[in-house]
Amino acid sequence: MMISLSFLTACRVFITSTVIGMFLGVAAQVSAEPLPITELNVVGGISSRLTYIDVERPFWSQTLSDRSQASVTAQIKGFDEMGLKGQELLPLMSQGVIEFGVLPLSYYAPTIPVLEAVDIAGLATDSKTARESVTAFTPVLSHHFASANQVKLLGTAPYGAQIFFCRTDVRSVADFKGLTIRTITRTQGELVEALGAKSVSLPFSEVFQALEKKSIHCAIAGALTGFNAKWYAVSTHLYALPVGWNQEVHAVNLKAWEKLPEAIQVFVELNLKELINSLWIFSDKLTQRGIECNTGSKECLSAPRGQMTLVQPTQADLALVKRISTQKVLTKWAERCTEACVADYNQTIGKLQKNSVKK
């Protein structure tokens, strides 16, 4: 029996409208009735980051309280304030020691390939594509965290675009050939190697000295992160090609979540959507601010400002990076992920970006 496309579309619209209507109905009911008194315990991101200071902490410590008329409150601390380095966060959340928290995917991706999928270097070179990719893959991530870690995913957002600080004249990706570049993730390393460079792994604290001593030519980091570390003092060219986004998952231990009243669950999820949206917007602002301050723009209010040369990638460079990433980096990733993982990628990000990969 043939079913018309218009019929399917009508069904999809009806179902979507019904679901949205039900959700808004529940949300309206929650807002109309007093919420149960609830205190949440949250482990946030690195406490010195502007993302934590300007967005995360105010959301948990003030916004939820304001919107619930003080019925829902939260205690939050950055994980570094608790003496944690980051790699312990997921195990502690799985055990229920941490209830709500932020999980930087880069800490776990080296041993869990499925977590690399949303930030494979070179596939998403703009914020819009990066966000669409995360949205497409969210059901896969949600299933993974729930089944493997007993953790509920509440949203995913980036810290910022990861770009190149170079102490040598870099005008295009062709100039990377023969250079030594500090990379952060495995796929970043595979990408720069495919472009003819040598990838090295260095702790963030050692990058300034490595650039100063000329033991590396370039280093990848967020634009504002590099500025705050004064990399502009030992670099000359800022090549603004995003090769990663430093994605972070906001999540909660499943048992802790299930103990919460349904009204609180609806209230928290509804507001977390806004937090995630705010983090995506803030990420773009941080990137722009970092570029301005590293290059000495008058828009930068910090002092001293850098005097780096800003180099924007050409359309030809963007196309080349996307092609190499698809042909080489994505293929290597597929080799270390399971067949189910690759199939999930193809049905989500692969379909979105039209770059399906074979196992």
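A brief structural summary. Small disclaimer: the values here were computed from a predicted structure and weren't measured. (Residues numbered from 1 in each chain as written. Predicted model: local features only at pLDDT ≥ 70, side-chain atom pairs only at ≥ 80, totals over all residues. Heavy atoms only, no water.)

### Remarks on the nonpolar core
With 110 residues, the main nonpolar core has Trp 60, Phe 100, Phe 145, Phe 164 and Phe 176 as its most contacted residues. Beyond its immediate chain neighbours, meaning those up to four positions away, Phe 145 contacts Leu 90, Leu 103, Leu 105, Leu 115, Gln 150, Val 151, Leu 153 and Val 249. (Core = buried A, V, L, I, M, F, W, Y, C linked by side-chain atoms within 4.5 Å. Buried < 20%, exposed > 50% of the residue type's maximum accessible area, 1.4 Å probe, protein only. Contact = heavy atoms within 4.5 Å.)

### Observations concerning the state of the cysteines
For the structure on display, the rule yields three disulfides. The disulfide partner of Cys 166 is Cys 218, and the S-S distance across this bridge is 2.1 Å. Measuring handedness by torsion sign, the sulfur bridge of Cys 166 and Cys 218 sits at about 110° and is right-handed. Highlighted residues: Cys 166 in strand E5 (residues 162-166) and Cys 218 in strand E8 (residues 218-222), separated in sequence by 52 residues. Note on accessibility: Cys 166 and Cys 218 belong to one class, buried. The disulfide partner of Cys 293 is Cys 300, and the S-S distance across this bridge is 2.0 Å. (Disulfide = S-S within 2.5 Å. Helix = DSSP H or I, 4+ residues; strand = E, 2+ residues; numbered from the N terminus.)

### Describing the pattern of salt bridges
In total, this model carries eight salt bridges according to the counting rule given. Linking Glu 190 and Arg 336 is a salt bridge whose minimum nitrogen-to-oxygen distance equals 2.9 Å. Of this pair, Glu 190 sits in helix H5 (residues 186-194) while Arg 336 sits in helix H10 (residues 315-336), and the two are 146 residues apart along the sequence. Relative accessible area serves as the criterion here: at 12%, Glu 190 is assigned to the buried category. (Salt bridge = Lys/Arg side-chain N within 4 Å of Asp/Glu carboxyl O.)

### Points about the packing of aromatic side chains
A full pass over the atoms with the stated rule returns 12 aromatic pairs. Members of the aromatic cluster, each reached through a chain of ring pairs, are Phe 59, Trp 60, Phe 100 and Trp 257. Above the face of the Tyr 159 ring, Arg 49 is positioned so that its terminal group lies 3.8 Å from the ring centre. (Phe/Tyr/Trp six-rings, centres within 6.5 Å; stacked < 30°, edge-to-face > 60°. Lys NZ or Arg CZ within 6 Å of the ring centre and 35° of its normal.)

### Some points on the side chain of Ser 235
Tracing the chain through its elements places Ser 235 in the loop between helix H7 (223-228) and strand E9 (237-239). Reaching out from Ser 235, the side chain makes a polar contact with the backbone oxygen of Trp 231 at a distance of 3.0 Å. If we skip the residues at most four places from it in the chain, Ser 235 touches Phe 165, Cys 166, Arg 167, Leu 211 and Met 308. (Polar contact = N/O pair within 3.5 Å; in protein donor to acceptor, adjacent residues only side chain to side chain.)

### What to know about unusual backbone geometry
Looking along the chain, the bond that leaves Ala 303 and enters Pro 304 is cis, with omega of -5°. Looking at the secondary structure, you find Pro 304 in the loop between helix H9 (262-294) and strand E11 (309-311). Here Lys 230, not a glycine, exhibits a phi torsion of approximately 65°, which is positive. You can see Lys 230 is positioned in the loop between H7 and E9.

### Some details on the side chain of Thr 51
Note that Thr 51 resides in helix H2 (residues 50-67). Excluding residues that lie within four positions of it along the chain, Thr 51 makes contacts with Glu 56, Tyr 159, Leu 279, Phe 282 and Leu 286.

### Observations concerning the sheet that holds strand E7 (residues 198-201)
The sheet built from six strands is open, its strands ordered E7-E6-E8-E5-E9-E11 with mixed pairing. Single-partner strands in this sheet number two, and they are E7 and E11. The mean angle between the axes of side-by-side strands here comes to 30°, regardless of whether they run parallel or antiparallel. Note: strand E6 (residues 180-183) against E7, four bridges, orientation parallel. Pairing of Ile 181 across the sheet is with Ser 199, part of E7. Sitting on the sheet, helix H6 (residues 204-212) touches E5, E6 and E8, and the angle it makes with E8 is about 140°. (Pairing = 2+ DSSP bridges. Axes fitted to C-alpha atoms, helices over the stretch in contact; angles between N-to-C directions.)

### A look at the packing of helix H4 (residues 127-149) against H9
To describe two helices that pack against each other, one gives the angle between their axes and the distance between the axes. Contact pair H4 / H9: the axes reach a minimum separation of 11 Å and the direction vectors enclose 155°. One element, H4, and the other, H9, form an angle in the roughly antiparallel class. Every pair of crossing elements has a handedness; the one defined by H4 and H9 is right-handed. Listed contacts from H9 to Ser 127, Ala 130, Arg 131 and Val 134 of H4 are Asn 277, Trp 280 and Asp 284. Residues belonging to the contact of H4 with H9 are distributed by class as follows: three nonpolar, two polar and two charged. (Parallel < 35°, antiparallel > 145°, perpendicular 65-115°, else oblique. Left-handed = near helix turned anticlockwise from the far one by under 90°. Nonpolar A, V, L, I, M, F, W, Y, C, P; charged D, E, K, R; others polar.)

### Regarding the sheet that holds strand E2 (residues 72-78)
One open sheet holds the five strands; their spatial order is E2-E1-E3-E10-E4, and the pairing between them is mixed. Either end of the sheet is taken by a strand with one partner, and the two such strands are E2 and strand E4 (151-158). Recorded for the sheet is a direction-independent mean angle of 25° between the axes of neighbouring strands. For strand E1 (residues 38-44) and E2, the ladder comprises seven bridges, and the chain directions are parallel. Paired with Val 43 across the strands is Lys 77, a residue of E2. Here H4 sits on the sheet and contacts strand E3 (100-104), E4 and strand E10 (247-253); the angle it forms with E4, its principal contact strand, is near 155°. The sheet strands contacting H9 are E1, E2, E3, E4 and E10, and the helix crosses E4 at an angle near 25°.

None of the figures reported here should be taken as evidence of function without further support.
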